[in-house]
Amino acid sequence: MMIEMRGVTKHYGDVRALDGIDLDVAPGEVVAVLGPNGAGKTTAISVMLGLTRPTSGTVRCFGGDPARFEARSRVGVMLQESGVPAALRVCEVVGLFQRYYPYTLPLDELLARADLTAKRDAPVSTLSGGQRQRLYFALAIAGDPDLVFLDEPTVALDVSARRAFWEQVEGFAELGKTVLFSTHYLDEADAVARRVVVVDHGRVIAEGTPREIKRLVADTTVRFHADVDLERMRALPGVQRADLEDGFVVIATNEPEALLQRMFADGVAVRDLRVTDSDLEAAFVHLTNRGVHGAAIGAQASGARRVQA
Amino acid sequence: MSATRSLATTGRGVPAAVAASSTDVPRRLSPTAERSGGRLALLLTQVRCELLSNLRVPEFLIGVVAIPVMLFAMFGVPNARFELPDGTRISTMMMPGFGAFGLLSLVIFAFGVDIAAERGRGWLRLMRATPAPGWAYFGGKLVTSVVVASVTLLALFAVGAFAAQVEMAPARWLRMFVVLLLGGMSLAPLGFALGFLARPRAASTIGNLVFLPLSFASGFFFPLNQLPQFLRDIAPYLPTYHYGQLAWRVTASPEMVEAYTGIAPGPAWVHVAWLLGTFVVFAALAVLGYRRQRSREAA
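Residues numbered from 1 in each chain as written. Chains lettered and ligands numbered in written order. Predicted model: local features only at pLDDT ≥ 70, side-chain atom pairs only at ≥ 80, totals over all residues.

Trainee: It is not clear to me how the overall build of chain A should be interpreted in this structure. Could you clarify?
Mentor: Of the regular secondary structure elements, chain A holds 13 helices and 14 strands. Counting contacts in chain A only where the partners sit at least 6 residues apart, residues at least 24 apart contribute 68% of the total. (Helix = DSSP H or I, 4+ residues; strand = E, 2+ residues; numbered from the N terminus. Contact = placed C-beta atoms within 7 Å.)

In structure tokens, the structure reads:
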């Protein structure tokens, strides 16, 4: 196994960042760890890297301590915040990281794999957000790692930058490398990963292929004013949730067409109808069984979905 | 481990099966993978990157090279016409003071403020996730500051020799260089401790609060006998004062050092012991701060 986590917990005072995580990652897998902000994704990756000690449980990377040299030299990583010295040029920073590892890939290949060939001599300070993330990716693969961790690599990137980024990652995975990335965008997990691990409250709450995960979630939210029987709505196929919020009927479903057809067939007078992609919070509401905990998070995630749609 | 140890083999000569010691998944190298350089290559690359990123920031060079040289030119040159009783020019006494000031500001800023900033930005954390040994980072900083310190001293000496009428035998110039450089590096742990103990955003302020009063109270700017009595009383308890005394002793006899500073220098070993003690105490503090940082991240 590339990674084996058994009953890993991590407590910060009363906060349980990780609350008993079990996770296996096999060679060659591309795994997405999906969850809202604060779910424990970053802590989990930090533990897998050996940067953070678990409160209890065991973590093994390549069958041993993730912090040992043998493991570190086979692992590449993109962390969320790592300010590269701004005055250095792209080729200089990548060249430095090449020296950190016992094995490396040729500089030209690293730059090509990160789509930075044209930026070879550009100072880091002049890079755009997307280019900067690709530079971090180049640093992550500088040691020709068997296993790459990417902690929310596309946060704050626009659509085209995000697409370009994932193309580079997929190119590297094609070498037979193992990739584990965290995201709070369902569409990214769907498009890139072959396995999705849904994390919330520091626990794995669902796991499966992207298709299986998508079947579990209500990806659409339908809101309208009307006089309807909520119980009947909940019985409709694909409906995960039907509630009254601020006078609106709010229905989370993954079959919005069936829902609307039924309502129109019943002759329900619908006003102020809005159909939107669910944010991650709404999508997993029946899995997590908890309320909305931060409008900003939801806005981010729903923005991402709109982008893909 | 063997991969880092072999310095010589570079290029495409990758062994077919890399030993997977204590691992249950064999290493899977890409077809184009090549051996990286060894430790020396790592250190040189680290130094090169440190140098480049410092030299490309004009503020850095102005602070640690231009300011001490400029101050010496402003205050030292006009004082070249004054002499101590034995004929030693005052400018000759001022030169080591400004040299010590320059190197103190170098260790405080190149180590302290820089490390705090890199720590704050998460750069150190990313480095820690790589197999790079810790010494590469510190070694890179140390070698870089020796290079920059040499530039500062040579520029200062040039002003001294060509503008401030500092006259010394070649061997004495060399000794002055070595004493200032080694003394400055013995204060490096001061910077490291600051870098790991101070909050990143406070480091620059603390750095200024440390190195300006220290320079002043150690007589680097003005001779101690021109300072208020209470400063002269505390000076012997400052490591930087002992650094200065060692440097002044290179240029003049103990009597003349006393004539200039107003305080009789002790035997050389006392000053050296002070610097060594400072080194040990602050190195311990720096290691403590480094460990605290790591365990805080791991906690």
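What follows continues from the structure just given.
Trainee: Would you mind going over the overall build of chain B with me for this structure?
Mentor: A count of helices and strands for chain B gives 13 helices and one strand. Ordering the α and β elements of chain B from the N terminus gives α-β-α-α-α-α-α-α-α-α-α-α-α-α. Split into buried and exposed, the 299 residues of chain B put 42% on the buried side. Partitioning the intrachain contacts of chain B with sequence separation of at least 6 by distance along the chain shows that 79% fall at a separation of at least 24. (Buried ≥ 20, exposed ≤ 12 C-beta atoms within 10 Å, placed from the backbone.)

Trainee: Even after reading the chapter, I still don't get the interface of chain A and chain B, so can you show me in this structure?
Mentor: It is common to report an interface's size as the accessible area lost on association of the parts. With 42 residues of chain A at the interface, the matching set in chain B holds 39 residues. Among the secondary structure elements, those contributing two or more residues to the side of chain A that touches chain B are helix H2 (69–72), helix H3 (90–100) and strand E6 (103–104) of chain A. At seven residues, H3(A) tops the list of elements feeding residues into the side of chain A that touches chain B. Here the residues of the side of chain A that touches chain B are counted per class, giving 22 nonpolar, ten polar and ten charged. Summarising the sheet, E6(A) and strand E1 (residues 34–35) of chain B pair through two bridges and their orientation is antiparallel. Each residue of the ladder has a partner; that of Thr104(A), found in E1(B), is Glu34(B). (Nonpolar A, V, L, I, M, F, W, Y, C, P; charged D, E, K, R; others polar. Pairing = 2+ DSSP bridges.)

Trainee: Explain the packing of helix H7 (residues 170–186) of chain B against helix H11 (residues 239–251) of chain B to me, please; I cannot follow it from the model alone.
Mentor: Helix-helix packing: each pair is described by the crossing angle between the helix axes and the interaxial distance. All names here are of chain B. Following both chains from N to C, one finds H7 and H11 inclined at 175 degrees, their axes separated by 9 Å at the closest point. The orientation of H7 with respect to H11, classified from their angle, is roughly antiparallel. Side by side, H7 and H11 meet where Arg-172, Arg-175, Met-176, Val-179, Leu-180 and Gly-183 of the first sit next to Tyr-243, Leu-246, Ala-247, Val-250 and Thr-251 of the second. For the contact of H7 with H11, the residue count by class is seven nonpolar, two polar and two charged. (Axes fitted to C-alpha atoms, helices over the stretch in contact; angles between N-to-C directions. Parallel < 35°, antiparallel > 145°, perpendicular 65-115°, else oblique.)

Trainee: Which parts of the structure should I look at to understand the sheet that holds strand E1 (residues 3–12) of chain A?
Mentor: The pairing of strands in a sheet happens through backbone hydrogen bonds and is either parallel or antiparallel. All names here are of chain A. The strand order across the open sheet formed by three strands is E2-E1-E4, and the pairing between neighbours is antiparallel. Only two strands of the sheet have a single partner each, and these edge strands are strand E2 (15–25) and strand E4 (56–61). Along the sheet, successive strands turn relative to each other by an average axial angle of 25 degrees, direction set aside. In this structure, E1 lies alongside E4, joined through five bridges in antiparallel fashion. Across the sheet, the residue bridging to Arg-6 is Thr-58, located in E4. In this fold helix H1 (residues 41–48) packs onto E1, E2 and E4, with an angle of close to 60 degrees to the strand it touches most, E2.

Trainee: Any chance you could explain the sheet that holds strand E13 (residues 248–253) of chain A here in plain terms?
Mentor: Residue and element names in this part refer to chain A. Spatially, E12-E13-E11-E14 is the arrangement adopted by the four strands of the open sheet, whose pairing is antiparallel. The open sheet is flanked by strand E12 (239–245) and strand E14 (271–277), the only strands paired with a single partner. Neighbouring strand axes in the sheet, compared pairwise and without regard to direction, differ in orientation by 15 degrees on average. Here five bridges tie strand E11 (residues 220–225) to E14, and the two strands are oriented antiparallel to one another. Counterpart to Arg-223 in the pairing with E14 is Arg-274.

Trainee: Sorry, what's going on with unusual backbone geometry here?
Mentor: Most peptide bonds take the trans form, and the phi angle of most residues other than glycine is negative. Residues and elements named next belong to chain A. If you check the backbone angles, Phe-62 has positive phi at about 55 degrees while not being a glycine. Here Phe-62 shows up in the loop between E4 and H2. Phe-62 gets classed as buried once you count the C-beta atoms within 10 Å, which come to 26. Unusually for a residue other than glycine, Asp-144 sits at a positive phi of about 45 degrees. Mapped onto the secondary structure, Asp-144 falls in the loop between helix H5 (129–140) and strand E7 (147–151). Since 28 C-beta atoms lie within 10 Å of it, Asp-144 is described here as buried.

Trainee: Even after reading the chapter, I still don't get the pairing of E12(A), so can you show me in this structure?
Mentor: Every other side chain in a regular strand lies on the same face of the sheet, so the side chains alternate between the two faces. Residue and element names in this part refer to chain A. Sheet topology note: the E12/E13 ladder contains six bridges and is antiparallel. In the sheet register, Leu-244 faces E13, and the bridge partner there is Val-249. Here E12 folds back onto E13 in antiparallel fashion, the turn holding two residues, of which Asp-246 has a positive phi close to 50 degrees.

Trainee: Help me out: how do you make sense of the nonpolar core in this one?
Mentor: Generally speaking, soluble globular proteins have nonpolar side chains that are buried together. Membership of the largest hydrophobic core comes to 89 residues, with the highest contact counts inside it found for Ala32(A), Val93(A), Leu135(A), Ala138(A) and Phe149(A). The residue makeup of this core includes at least three contributed by each of domain 1 (3–215) and domain 2 (218–308) of chain A. If you look at the next biggest cluster of nonpolar residues, it comprises 62 residues, including Val107(B), Phe192(B), Leu224(B) and Ala252(B). (Core = buried A, V, L, I, M, F, W, Y, C linked by C-beta atoms within 7 Å. Domains from an automatic or database assignment.)

Trainee: Please explain the confidence of the model for chain B as it appears in this structure.
Mentor: Note: predicted coordinates in regions of low pLDDT should not be interpreted at a detailed level. All names here are of chain B. Across chain B, the average pLDDT comes to 87, with 92% of residues at 70 or higher. Between the elements of chain B, mean pLDDT differs from a low of 39, seen in helix H1 (residues 2–5), to a high of 95, seen in H7. Long-range and interchain partners of residues 1–22, a stretch whose pLDDT sits below 50, account for 29 contacts in this model, where long-range means more than four residues apart. Taken over the whole predicted complex, pTM reads 0.82, whereas the ipTM for its chain interfaces reads 0.83. (pLDDT = per-residue confidence, 0-100.)

Trainee: When you look at the confidence of the model for chain A in this model, what are you seeing that I'm missing?
Mentor: Looking at chain A as a whole, the pLDDT averages 86, with 90% of positions reaching at least 70. Residue range residues 289–309 of chain A is modelled with pLDDT below 50. Its contacts to residues more than four positions away, or to other chains, number 23 contacts.

Trainee: Which parts of the structure should I look at to understand the environment of Pro239(B)?
Mentor: Residue and element names in this part refer to chain B. Locating Pro-239 in the fold gives a position in helix H11. For the pair Pro-239 and Gly-277, spaced 38 residues apart in the sequence, the C-alpha separation amounts to 8.8 Å. Ignoring any residue separated from it by four or fewer positions in sequence, one finds Pro-239 in contact with Leu-187, Trp-274, Leu-275 and Thr-278.

Trainee: What is the right way to read helix H8 (residues 188–197) of chain B from this model?
Mentor: Residues and elements named next belong to chain B. Across the ten residues of H8, nine count as buried, placing the element largely inside the fold. Of the residues making up H8, those classed as buried are Ala-188, Pro-189, Leu-190, Gly-191, Phe-192, Ala-193, Leu-194, Gly-195 and Phe-196. Looking at the buried residues of H8, the elements they touch are helix H4 (90–121), helix H6 (134–162), H7, helix H9 (203–217) and helix H13 (268–298).

Trainee: Is there a simple way to think about the environment of Ala252(B) in this case?
Mentor: All names here are of chain B. Among the secondary structure elements, Ala-252 is positioned in the loop between H11 and helix H12 (254–261). Once the C-alpha coordinates of Ala-252 and Leu-42 are considered, the two residues, 210 residues apart in sequence, prove to be 43 Å apart. With residues up to four places along the chain from it excluded, the contact list for Ala-252 reads Leu-84, Thr-88, Met-93 and Val-257.

Trainee: How do you make sense of H9(B) when you look at a structure like this?
Mentor: Since there are 3.6 residues in each turn of an α-helix, residues three or four apart along the chain are aligned in direction. All names here are of chain B. Helix length check: H9, at 15 residues, gives a terminal C-alpha distance of 21 Å against a target of 21 Å (1.5 Å per residue), a fit within 8%. Among all positions in H9, only Ala-203, Gly-207, Phe-211, Leu-214, Ser-215 and Ala-217 are buried. Residues of H9 that are buried make contact with H4, H8, helix H10 (229–234) and H11. Positive backbone phi, approximately 80 degrees, marks Gly-219, located one or two places after H9. (Expected span 1.5 Å × (residues − 1).)

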